[in-house]
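These are the residues of each chain, in order.
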Amino acid sequence: MMTSVLFQRARVIDPRNEVDGIRDVLVTDGRVAQVSEAPLTAPKDARVVDATGKWVVPGFIDLHVHLREPGEEGKETVLTGCRAAVAGGFTGVVAMPNTKVVNDSALVTELVLSRARDADLCHVYPAGAITKGLKGEELSEAGELIGAGCVALTDDGRPVMNAALMRRVLQYATLFDVPVMVHEEDLTLSAGGAMHEGATSTRLGLRGIPASAEVAMVARDLILLEETKGRLHVAHVSCEGSVRLIREAKKRGLRVTCEVAPHHFTLDDRAVGDYDTHAKMAPPLRGDADVKALREALVDGTVDAIATDHAPHGVSDKLVEFEKGINGIVGLETALGLTLALVHEGVLTPRRAVELLSEGPARVFGLPGGHLAPGSPADITVVSPGEEWTVDAHRFYSRSRNTPFHGRTFKGRVTQTWVGGRCVFEDGQLKESR
Ligand SMILES: [Zn+2]
């Protein structure tokens, strides 16, 4: 059993600790032991990784992943989702509770955690449901969920339409200091809609979902947040109006954070083309002004984290007419490529890109990792920034293939993923412990 690893001559990007430069990184017993500008001598029996030309960065953390277990194991399991995660450079994922047995009890939380222990690849942090059965009627037992290991409360996939209930959960969650994560969609505004309301929906003759379906709910929840002094995390922000409200609320000191999904900062509603169900999601791909606003918000700090909303679905869910197509795409194995595309376009600096994938999400949910200070867990992603590769959905480690990015060429790929000082993914191959 290897107990030490020495990464030599890497470009270490560690935003929290203000590091961006060539360093050696020594890992001992699962933790970062030393980060040094001067070359270090490898301890006896250490594995030496020549990281010349590579980035060594804090392991990525995805705040928004659908692992589908329990209940829809044909789409994904905790194991296959963890495989996809580490292949994408993620060392931790937050598992959404909208499984077919909803995670609204300690029993389901414990099941997810036990599957994650069996998978033994990356950290899995369950999120518990705000309401029992995600029905939006009765609050679930937050104390029980958090006691069992949930790191946030969310009804993701569904909004909390009842404002009084939303107000109560914001208040109640302050007792545990966990974020309430919200999928913002006023169902009375989105009803019957299949895509963003705009020129493309008109051309295709599809009923649109107006931006107000999201923005109005963000406005409501910020008002409730101000009254309750709770913690609000807005999932998959998709439009300019939401960004503006969140930016303003942050300025006023409200405890609001938010995430943006790679597909929302990459594609606009024109990607629907001629009824391509791989471009169908909730919230929908928005207009080009929205994409521009999301990119500005990624730069200026309004957005705290890039989160994938990894949503595995089977082929038959997508091989239907557009209106019936199920929402969402897989994201774990394309997130870095899409984020680095913003770096290559000059939108993000490498440091900000790394921050949005690691330090930001760790901070938002109070998770371990996200930086590489001595003593921190050796959750590390090694990136080859110049390496080009082409997405082949058939080679995904995820059990599902639903992506609009099949065939797209990316510059920059994950070459190694380390979790707790153990290499779990290297050069395209998983390193499973059993
Ligand atoms: Zn959602």
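Conventions adopted
Residues numbered from 1 in each chain as written. Predicted model: local features only at pLDDT ≥ 70, side-chain atom pairs only at ≥ 80, totals over all residues. Heavy atoms only, no water. Helix = DSSP H or I, 4+ residues; strand = E, 2+ residues; numbered from the N terminus. Rg over C-alpha atoms; globule rule 2.2 N^0.38 Å. Buried < 20%, exposed > 50% of the residue type's maximum accessible area, 1.4 Å probe, protein only. Domains from an automatic or database assignment. Contact = heavy atoms within 4.5 Å. Buried area = accessible area lost by both parts, 1.4 Å probe. Polar contact = N/O pair within 3.5 Å; in protein donor to acceptor, adjacent residues only side chain to side chain. Pairing = 2+ DSSP bridges. Donors = N, O, S within 2.8 Å, 3.2 Å for Na, K, Ca; no water. Axes fitted to C-alpha atoms, helices over the stretch in contact; angles between N-to-C directions. Right-handed = clockwise from strand over helix to strand, strands pointing away. Phe/Tyr/Trp six-rings, centres within 6.5 Å; stacked < 30°, edge-to-face > 60°. UniProt positions renumbered as here; feature names shortened; annotations may be inferred. 1 Å grid on protein atoms, 1.4 Å probe; cavity = no way out; pocket = protein on both sides within 12 Å on 5 of 7 lines; lining within 4 Å. Points joined across faces, edges and corners; volume = space filled by probe spheres on them. Nonpolar A, V, L, I, M, F, W, Y, C, P; charged D, E, K, R; others polar.

## Points about the overall build of the protein chain
Then, in step 1: Across its full length, the protein chain holds 14 helices and 19 strands.
Then, in step 2: Its C-alpha atoms give the protein chain a radius of gyration of 21 Å, within 12% of the compact-globule value 22 Å for 434 residues.
Then, in step 3: Dimensions of the protein chain, computed from C-alpha atoms along their principal axes, come out at roughly 65 × 45 × 45 Å.
Then, in step 4: Considering the protein chain as a whole, with its 434 residues, one finds that 61% of them fall into the buried category.

## Remarks on the domain arrangement of the protein chain
Then, in step 1: By domain assignment, the protein chain separates into domain 1 (4-56 + 376-430) and domain 2 (60-365).
Then, in step 2: A straight line from the C-alpha centre of domain 1 to that of domain 2 covers 26 Å.
Then, in step 3: Facing 37 residues of domain 1, the contacting portion of domain 2 comprises 44 residues.
Then, in step 4: Here domain 1 and domain 2 share an interface that buries about 3,400 Å² over both sides, 65% of which is from carbon and sulfur atoms.

## What about the side chain of Thr-308?
Then, in step 1: Looking at the secondary structure, you find Thr-308 in the loop between strand 15 (305-306) and helix 11 (315-318).
Then, in step 2: Given a relative accessible area of 2%, Thr-308 falls into the buried group.
Then, in step 3: Among the polar contacts listed, one links the side chain of Thr-308 to the side chain of Asp-62, at a separation of 2.5 Å.
Then, in step 4: Looking at Thr-308, its side chain comes within polar contact range of the main-chain oxygen of His-64, at 3.5 Å.

## Looking at the sheet that holds strand 15
Then, in step 1: The parallel open sheet is built from five strands, whose spatial order is 9-10-13-14-15. Unpaired on one side and paired on the other, strand 9 (153-154) and strand 15 mark the two borders of the sheet.
Then, in step 2: For strand 9 and strand 10 (residues 180-182), the ladder comprises two bridges, and the chain directions are parallel. By the bridge assignment for strand 10, Thr-154 is matched with Met-181.

## So, the coordination of the zinc ion
Then, in step 1: Binding of the zinc ion to the protein goes through Asp-156 (OD), His-183 (ND1) and His-236 (NE2), at separations of 2.0 to 2.3 Å.
Then, in step 2: Counting gaps between the donor residues of the zinc ion yields the pattern D-x26-H-x52-H. A residue pair is termed long-range when its members are at least 10 positions apart, and His-183 in the loop between strand 10 and helix 5 (187-190) and His-236 in the loop between strand 13 (232-234) and helix 8 (240-251) qualify at 53 residues.
Then, in step 3: Overall, His-236 belongs to the buried group, its relative accessible area being 3%.

## Let's talk about the sheet that holds strand 7 (residues 90-95)
Strand pairing in a sheet relies on backbone hydrogen bonds. The paired strands run either parallel or antiparallel.
Then, in step 1: Strand order in this open sheet of three strands is 6-7-8, and the pairing throughout is parallel. Each edge of the open sheet carries a strand with a single partner, namely strand 6 (60-65) and strand 8 (123-126). Direction aside, the axes of adjacent strands within the sheet are offset by 20° on average.
Then, in step 2: As judged from the four bridges shared by strand 7 and strand 8, these two strands associate in the parallel manner. Looking at strand 8, one finds that Gly-92 is bridged to His-123.
Then, in step 3: Sitting on the sheet, helix 2 (residues 106-119) is in contact with strand 7 and strand 8, with an inclination near 175° to strand 8.

## Considering the pairing of strand 7
Then, in step 1: Strand 7 sits mainly inside the fold: six of its six residues count as buried.
Then, in step 2: One crossover worth recording links strand 6 to the parallel strand 7 by way of helix 1 (residues 78-87), and it is right-handed.
Then, in step 3: Traced from strand 7 through helix 2 to strand 8, the parallel crossover comes out right-handed.

## Things to note about the environment of Val-86
Then, in step 1: For Val-86, the location among the structural elements is in helix 1.
Then, in step 2: In this structure Val-86 comes out as buried when scored by relative accessible area, which is 0%.
Then, in step 3: For the pair Val-86 and Gly-59, spaced 27 residues apart in sequence, the C-alpha separation works out to 9.2 Å.
Then, in step 4: Those residues in contact with Val-86 that lie beyond four places of it in its chain are Leu-121, Cys-122, Val-414, Thr-417, Val-424, Phe-425 and Leu-430.

## A few points about the packing of aromatic side chains
Here a ring pair, both rings aromatic, is described through the centre-centre distance and the interplanar angle of the planes.
Then, in step 1: Applying the stated criterion across every chain yields a total of five aromatic pairs.
Then, in step 2: Arranged with centres 5.3 Å apart and planes meeting at 80°, the rings of Phe-7 and Trp-418 form a pair that is edge-to-face. Taken as a pair, Phe-7 in strand 1 (residues 4-14) and Trp-418 in strand 17 (residues 409-419) lie far apart in primary sequence, 411 residues in all. Pair check on accessibility: Phe-7 and Trp-418 agree, each one buried.

## A word on the UniProt feature "binding site: Zn(2+) 2" (unreviewed entry) in the protein chain
Then, in step 1: Listed under "binding site: Zn(2+) 2" (unreviewed entry) in the UniProt record, and renumbered for this structure, are Asp-156, His-183 and His-236. What stands out for the annotated residues spanning 81 residues is how close their C-alpha atoms remain, the widest pair being 10.0 Å apart. Annotated residues from the preceding list that form part of the lining of the largest pocket: these are Asp-156, His-183 and His-236.
Then, in step 2: Once you skip the residues sitting within four places of it in the chain, His-183 turns out to touch Asp-156, Gly-157, Arg-158, Pro-159, His-236 and Ala-282.
Then, in step 3: Only 3.3 Å separates the side chain of His-183 from the backbone nitrogen of Gly-157, close enough to count as a polar contact.
Then, in step 4: Not counting chain neighbours up to four residues away, the residues in contact with His-236 comprise His-64, Asp-156, His-183, Glu-214, Glu-259, His-264, Ala-282, Pro-283 and Asp-309.
Then, in step 5: In terms of polar contacts, His-236 uses its side chain to reach the side chain of His-183, at 3.3 Å.

## Points about the layout of surface pockets
Then, in step 1: The computed volume of the largest pocket comes to approximately 700 Å³.
Then, in step 2: Considering the residues around the largest pocket, the lining is formed by 37 residues, among which Asn-98, Gly-157, His-183, Ala-282 and Asn-327 are closest to the centre.
Then, in step 3: Its residues placed into classes, the lining of the largest pocket shows 13 nonpolar, twelve polar and twelve charged.
Then, in step 4: A volume near 490 Å³ is recorded for the second largest pocket.
Then, in step 5: Taken together, 21 residues form the lining of the second largest pocket, with Trp-389, Tyr-397, Arg-413, Phe-425 and Gly-428 sitting closest to its centre.

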